[in-house]
Amino acid sequence: GSDAVALETRAHRDGSHFVLDGRKRWIGNGSIADVLLVWARGEDGEVGGYLVEAGTPGMSVARMTGKTALRAVWQTEIELEGVRVPAEARLEHCHSFRDVARVLARTRYTVAWRALGLALGAYEAALAYALEREQFGRPIAAYQLVQDKLSKMLADITGMQLLNLRLSQLVQDDRLTAGMASMAKMTCAAKARGIVADARDILGGNGILLENHVARHHADMEAIFTFEGTDSIQSLIVGREITGIQAIAPSRSG
Ligand SMILES: Cc1cc2nc3c(=O)[nH]c(=O)nc-3n(C[C@H](O)[C@H](O)[C@H](O)COP(=O)(O)OP(=O)(O)OC[C@H]3O[C@@H](n4cnc5c(N)ncnc54)[C@H](O)[C@@H]3O)c2cc1C
């Protein structure tokens, strides 16, 4: 959930092994992965990363069904009951949640690009459709209100492209901060969500048919808006970096 810092999966040392106990939900492609990276809290209270091979006794993986979005990815629920992994399966350079957060910043940054991709795909489909579809004797692209939608979609897409390009340069220079990644994810997901909704509108009834792709982008955007941290959580991470004051969990420090 949003309070990822409070993760409850546990790891304790038993001789030459670590033993993992806990549950995970929403884990992408967990049922087809050969190796899973499990974040768990050790006996010292700090979070570490543990590599678990598929089929390790004590680990059960169940595919979640009934998803309306990102149907090409299989989300899974994972139960770990006394799962034993060799001591060397613990990631060497992960000492606390701060190290996990560095991974999250990197993956959030890729989600910003992903949102841009969906927005661009939806815009291109809407433009092609608007030029083709005729109503009241003219292509709908000839109407000012439709052109206004297309113009604003392209303006937002261009802004997202520039933001993400700059972010990639900062990643290359190893200057990416958590706040920068969150700002990009928050901005791109929100803007892309609006763009796919406008594209779906421009396609009229055809916009809800899967064969026209925009409906799929529209559904997938809902998942992207939430995963890797919701819009509100990204905003709070940016706010923390701007002000130096942590407002995500007011009772905690840092
Ligand atoms: C398609 C999909 C794929 C996913 N893949 C993975 C994966 O591979 N691995 C993985 O570990 N997780 C994965 N997740 C989980 C994902 O990261 C969480 O769903 C997400 O972080 C939100 O947590 P939650 O669903 O429990 O919502 P909640 O945390 O319950 O949030 C519900 C609402 O409360 C708001 N909220 C919560 N706390 C605050 C606060 N302090 N201030 C203001 N508002 C707040 C949220 O913004 C949101 O609007 C996936 C989720 C989805 C939908």
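This is a predicted model, so every value here is computed, not measured. (Residues numbered from 1 in each chain as written. Predicted model: local features only at pLDDT ≥ 70, side-chain atom pairs only at ≥ 80, totals over all residues. Heavy atoms only, no water.)

Asker: Please explain the site of the ligand as it appears in this structure.
Answerer: Around the ligand, the structure places 16 residues, and the nearest of them are Ser2, Trp26, Gly28, Thr230 and Ile248. Within the backbone of Trp26, an N or O atom sits 2.9 Å from a nitrogen atom of the ligand. A distance of 3.5 Å separates a nitrogen atom of the ligand from a polar side-chain atom of Gln75. Protein coverage of the free-state accessible area of the ligand, which is 980 Å², stands at 55%. Listing elements by their share of the shell around the ligand, those giving two or more residues are β2 (17–28), α4 (214–226) and α5 (231–243). For the shell around the ligand, the domains that each give at least three residues are domain 1 (4–89) and domain 2 (97–243). (Near = heavy atom within 4 Å. Polar contact = N/O pair within 3.5 Å; in protein donor to acceptor, adjacent residues only side chain to side chain. Areas by Shrake-Rupley, 256 points an atom, 1.4 Å probe, with all protein chains shown as cover. Helix = DSSP H or I, 4+ residues; strand = E, 2+ residues; numbered from the N terminus. Domains from an automatic or database assignment.)

Asker: Hey, could you run me through the side chain of Thr9 in this one?
Answerer: Structurally, Thr9 can be placed in the segment before β1 (10–14). Since its relative accessible area comes to 2%, Thr9 is described here as buried. The residues contacting Thr9, other than those within four sequence positions of it, are Asp21, Gly22, Arg23, Lys24, Val38, Trp39, Ala40, Arg41 and Leu80. (Buried < 20%, exposed > 50% of the residue type's maximum accessible area, 1.4 Å probe, protein only. Contact = heavy atoms within 4.5 Å.)

Asker: Is there a simple way to think about the packing of helix α1 (residues 97–132) against α4 in this case?
Answerer: Describing two packed helices takes the angle between their axes plus the distance from one axis to the other. The geometry of α1 relative to α4 is characterised by a closest axis approach of 10 Å and an angle of 160° between their N-to-C directions. One way to sum up the angle between α1 and α4 is to call them roughly antiparallel. Of the two possible hands of crossing, α1 and α4 adopt the one that is left-handed. Residues Val111, Arg114, Ala115, Leu118, Gly121, Ala122 and Ala125 of α1 pack against Val214, His217, Asp220, Met221 and Ile224 of α4. In terms of residue class, the contact of α1 with α4 is made up of eight nonpolar, two polar and two charged. (Axes fitted to C-alpha atoms, helices over the stretch in contact; angles between N-to-C directions. Parallel < 35°, antiparallel > 145°, perpendicular 65-115°, else oblique. Left-handed = near helix turned anticlockwise from the far one by under 90°. Nonpolar A, V, L, I, M, F, W, Y, C, P; charged D, E, K, R; others polar.)

Asker: What is the right way to read the layout of surface pockets from this model?
Answerer: Looking at the second largest pocket, its volume works out to about 160 Å³. Taken together, Thr68, Ala69, Leu70, Arg71, Ala72, Leu210, Arg216, Ala219 and Asp220 form the lining of the second largest pocket. When we break the lining of the second largest pocket down by domain, the ones giving at least three residues each are domain 1 (4–89) and domain 2 (97–243). (1 Å grid on protein atoms, 1.4 Å probe; cavity = no way out; pocket = protein on both sides within 12 Å on 5 of 7 lines; lining within 4 Å. Points joined across faces, edges and corners; volume = space filled by probe spheres on them.)

Asker: In this structure, what is going on with the packing of aromatic side chains? I would like to understand it.
Answerer: Aromatic ring pairs are defined here through the distance separating the ring centres and the angle between the ring planes. In the structure shown here, the tally under the stated rule is one aromatic pair. Over the face of the ring belonging to Tyr143 we find Arg138, whose NZ or CZ atom lies 5.6 Å from the ring centre. Above the face of the Phe225 ring, Arg193 is positioned so that its terminal group lies 4.0 Å from the ring centre. (Phe/Tyr/Trp six-rings, centres within 6.5 Å; stacked < 30°, edge-to-face > 60°. Lys NZ or Arg CZ within 6 Å of the ring centre and 35° of its normal.)

Asker: Got a minute to help me understand the nonpolar core in this structure?
Answerer: For soluble globular proteins, nonpolar side chains are generally found buried alongside one another. Counting 36 residues, the largest nonpolar core has Ala126, Ala130, Leu150, Met153, Met160, Ile202 and Met221 as the members making the most contacts within it. Mapped by element, the contributors of at least two residues to this core are α1, α2 (144–172), α3 (178–202) and α4. Sorting elements by how many residues they give to this core places α1 first, with 13 residues. With residues near it in sequence (within four places) discarded, Met160 still touches Ala115, Leu116, Ala119, Cys188, Lys191, Ala192 and Ile195. (Core = buried A, V, L, I, M, F, W, Y, C linked by side-chain atoms within 4.5 Å.)

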